[in-house]
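Structural description and commentary
Below are the chains, spelled out letter by letter.
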Amino acid sequence: MDTGLRERVLAEIRKLVVGRDKEAELLLVSFLAGGHVLLEGVPGVSKTILAKSFAKCMGLEFKRIQFTPDMLPMDMVGGFVFNMKEKEFEFRRGPVFTNLLLADEINRAPPKVQSALLEAMQEVQVTVEGLTQKLPSPFMVIATQNPQEFQGVYPLPENQLDRFLMKITLPYPDSATESKIIRRNLEEMDAAEIREVFAGEEPEAILHQVEQVKVSEEIIGYLAVVAEETRKERRLSLGASPRAMVHLIHCARANAYLNGRDFVIPEDIKSVSSYVLAHRLKLDQSAVLTGTVADTSQVVQDIFTKVRPPR
Amino acid sequence: METLLLAVDVGIFALLGGAIFATRRIRPPSIHDVAGAFQDLDHSISKFVPDLSAGFTWGEAVERLKAAGIKVDWPKMESSLAGYEAFRYGGRELPQGGEDEVVKLSMKIRRRIVGYRIKRESTSRD
């Protein structure tokens with residue numbers, strides 16, 4: 001168990017990003033859990049720099065796609081181009097062939113592009129004209145979206161949101177953090193300052209160790225009860241899917257690993273539950289209209305307050 | 001007048017003595033291992049710490065009780081908890097010993113003084 005990994009990653013990210021420790025830690029949990037992240041926040045709250053810094057310190061190949069409404073799937077996955085010299089068509093890889101892909105403003109891309117990306121996320125491969133190409137491993141997508149945009153956007157439907165392991169909302173920083181950000185930006189910032197926290201093949205070995213983290217039968221039973229509660233909850237019209245619960249246990253494993261344990265405790269589940277579950281749930285219209293609940297995160301917290309974990 | 005004051009004094013001291021006796025009367029349960037101690041602590045928290053909901057985890061309970069200013073040897077208590085969790089969720093051997101501090105904490109909670117303190121603190125926070 002590498003108890004110092006979290007601290008090493010946070011120390012590197014802090015060199016460029018101010019006040020985003022929690023979000024950086026959640027990115028690390030998602031990476032170790034083998035999932036993809038949706039970052040939501042208004043422009044200028046350090047979504048892109050956070051993703052870039054994370055990729056740099058993890059030693060991952062990083063590519064960024066700025067999604068636009070006129071984009072085509074081949075702009076992302078690549079396509080066949082004619083090689084005049086060889087007089088044949090050859091496959092030219094698109095930017096999706098990388099370790100960490102920043103899909104900036106995913107909700108501005110048309111549904112065809114979104115589903116092509118989501119297929120890549122799910123299968124870790126792309127198929128163009130019958131040719132299937134494996135994506136590099138590890139493969140992680142960090143997609144961003146602006147919650148304040150309503151024109152020229154294609155909101156992700158529920159089934160696509162369900163593919164994201166976590167949704168992390170980046171709020172505005174508090175005034176003390178904001179002062180630090182302004183001060184930091186007056187100085188020269190250099191991404192080269194961020195050093196890799198791994199050497200050689202270490203990420204693969206760590207991912208393997210995370211997979212070995214033990215989950216007891218009682219913990220699985222606890223998750224099943226939580227899932228059932230989300231489906232019975234009157235304030236929700238859509239409960240958690242089995243995939244959501246699988247994602248939750250993967251995140252709990254990663255969390256246990258980062259805390260130096262080789263087994264999951266209920267705390268590991270609770271601490272990531274809102275980030276993993278909230279974006280997959282849908283509030284019931286009557287709950288929205290009567291204002292009985294602010295958002296799905298609150299419902300998740302209420303459920304975890306009610307369900308007794310194995311103690 | 002003096003007799004009346006004396007009677008009032010005797011009454012006050014009798015009440016005080018009774019209260020102290022009542023808290024001391026709660027004897028530590030016969031607990032032989034750390035698993036039993038944590039089951040007992042779970043029972044005490046569920047009954048006497050009103051602001052910890054049914055879904056509380058051990059980490060949350062420790063944080064809450066520490067914040068309430070309960071005086072036990074917390075590093076020892078946390079070490080017992082780590083051993084118990086490894087047994088409970090990790091399939092390890094149950095650690096030998098380490099239950100004393102857990103029992104002590106449980107008793108402090110049961111003696112309601114702590115319960116009152118937690119209640120008062122949570123009310124003042126609201």
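Counting starts from 1 at the beginning of each chain's written sequence and moves along it residue by residue. All chains are assigned letters beginning at A, and all ligands numbers beginning at 1, according to the order in which they are written. In keeping with the predicted nature of the model, local features appear solely for residues at pLDDT of at least 70, side-chain atom pairs appear and are counted solely at 80 or more, and the whole-chain, interface and lining totals rest on all residues.

A tally of helices and strands in chain A yields 13 helices and 11 strands. For 311 residues, the compact-globule formula gives about 19 Å, and the C-alpha radius of gyration of chain A, at 20 Å, lands near that figure. Projecting the C-alpha coordinates of chain A onto the three principal axes gives extents of approximately 70 × 40 × 40 Å. The burial label depends on the number of other C-beta atoms within 10 Å of a residue's C-beta. Counts of 20 or more mean buried, 12 or fewer mean exposed, and intermediate counts mean partly exposed, with C-beta atoms placed from the backbone. Going through the 311 residues of chain A one by one, you find that 40% of them count as buried. Runs of H or I in DSSP of at least four residues are treated as helices and runs of E of at least two as strands, each being numbered from the N terminus. As defined in this context, the radius of gyration uses C-alpha atoms, and a globule is described by 2.2 Å times the residue total to the power 0.38.

What follows is about the sheet that holds strand S5 (residues 100-104) of chain A. Residue and element names in this part refer to chain A. At least two bridges found by DSSP between two strands is the condition for calling them paired. Read across the open sheet, the five strands follow the order S2-S5-S8-S1-S9; overall the sheet is parallel. A strand with exactly one partner marks an edge of an open sheet, and here the two such strands are strand S2 (62-66) and strand S9 (166-169). The sheet shows a mean angle of 20° between the axes of neighbouring strands, direction not considered. When strand S1 (residues 37-40) meets S9, the two strands line up parallel, connected through four bridges. Note that in S9 the partner of Leu38 across the bridge is Lys167. Here the axes come from fitting lines to C-alpha atoms, over the contacting stretch only for helices, and the angles between their N-to-C directions go from 0 to 180 degrees.

The next point concerns the environment of Gln301 of chain A. All names here are of chain A. When you line up the elements, Gln301 lands in helix H13 (residues 296-306). The partly exposed category is assigned to Gln301, around which 15 C-beta atoms lie within 10 Å. Sequence separation of Gln301 and Ser273 is 28 residues, and the distance between their C-alpha atoms is 8.1 Å.

Before going further, it helps to examine the interface of chain A and chain B. Listed as interface residues are 17 residues of chain A and, on the opposing side, 12 residues of chain B. Its residues assigned to classes, the side of chain A that touches chain B comprises eight nonpolar, two polar and seven charged. Placing C-beta atoms from the backbone, we regard two residues as in contact once those atoms come within 7 Å. Amino acid classes used here: Ala, Val, Leu, Ile, Met, Phe, Trp, Tyr, Cys and Pro are nonpolar; Asp, Glu, Lys and Arg are charged; the rest, including Gly, are polar.

With that settled, consider unusual backbone geometry. Residue and element names in this part refer to chain A. Looking along the chain, the bond that leaves Ser137 and enters Pro138 is cis, with omega of -5°. Along the polypeptide, Pro138 turns up in the loop between strand S7 (131-134) and strand S8 (140-145). Of note, the phi angle at Lys87 is positive, near 55°, even though the residue is not glycine. Residue Lys87 is classed as exposed on the basis of its 7 C-beta neighbours within 10 Å. Its identity is not glycine, yet Val124 carries a phi of approximately 55°, on the positive side. With respect to the element layout, Val124 can be found in the loop between helix H5 (111-123) and strand S6 (125-128). Given 14 C-beta atoms within 10 Å, Val124 falls into the partly exposed group.

What follows deals with the domain arrangement of chain A. All names here are of chain A. Annotation comment: domain bounds sourced from an automatic or database domain assignment. Domains assigned within chain A are domain 1 (5-187) and domain 2 (212-306). Relative to domain 2, the C-alpha centre of domain 1 lies at a distance of 24 Å. Residue-level contacts link 18 residues of domain 1 with 19 residues of domain 2. Of all the elements in the fold, those that place two or more residues in the side of domain 1 that touches domain 2 are helix H1 (5-13), helix H2 (21-32), helix H6 (158-161) and S9. Considering every element that reaches the side of domain 1 that touches domain 2, the biggest residue donor is H2, with four residues.

Side chains that are three or four residues apart share a direction in an α-helix, a result of its 3.6 residues per turn. Residue and element names in this part refer to chain A. Every buried residue of H13 is listed here: Thr296, Val299, Val300, Ile303 and Phe304. The buried residues of H13 all sit within an arc of 135° when viewed along its axis, so they share a single face. In this structure, the buried residues of H13 make contact with helix H9 (217-232), strand S10 (236-238), helix H11 (266-277) and strand S11 (282-283). As used here, the arc is the angular range of directions from the helix axis to the C-beta atoms.

As a further point, take helix H3 (residues 47-58) of chain A. Residue and element names in this part refer to chain A. In this model, H3 (12 residues) spans 17 Å end to end at C-alpha, consistent with the 16 Å of a helix rising 1.5 Å per residue. Here H3 lies mainly inside the structure; 10 of its 12 residues are buried. Immediately beyond the C-terminal end of H3, within one or two residues, lies Gly59, with a positive phi of roughly 70°. Here the expected length of a helix is defined as 1.5 Å per residue gap, with one fewer gap than residues.

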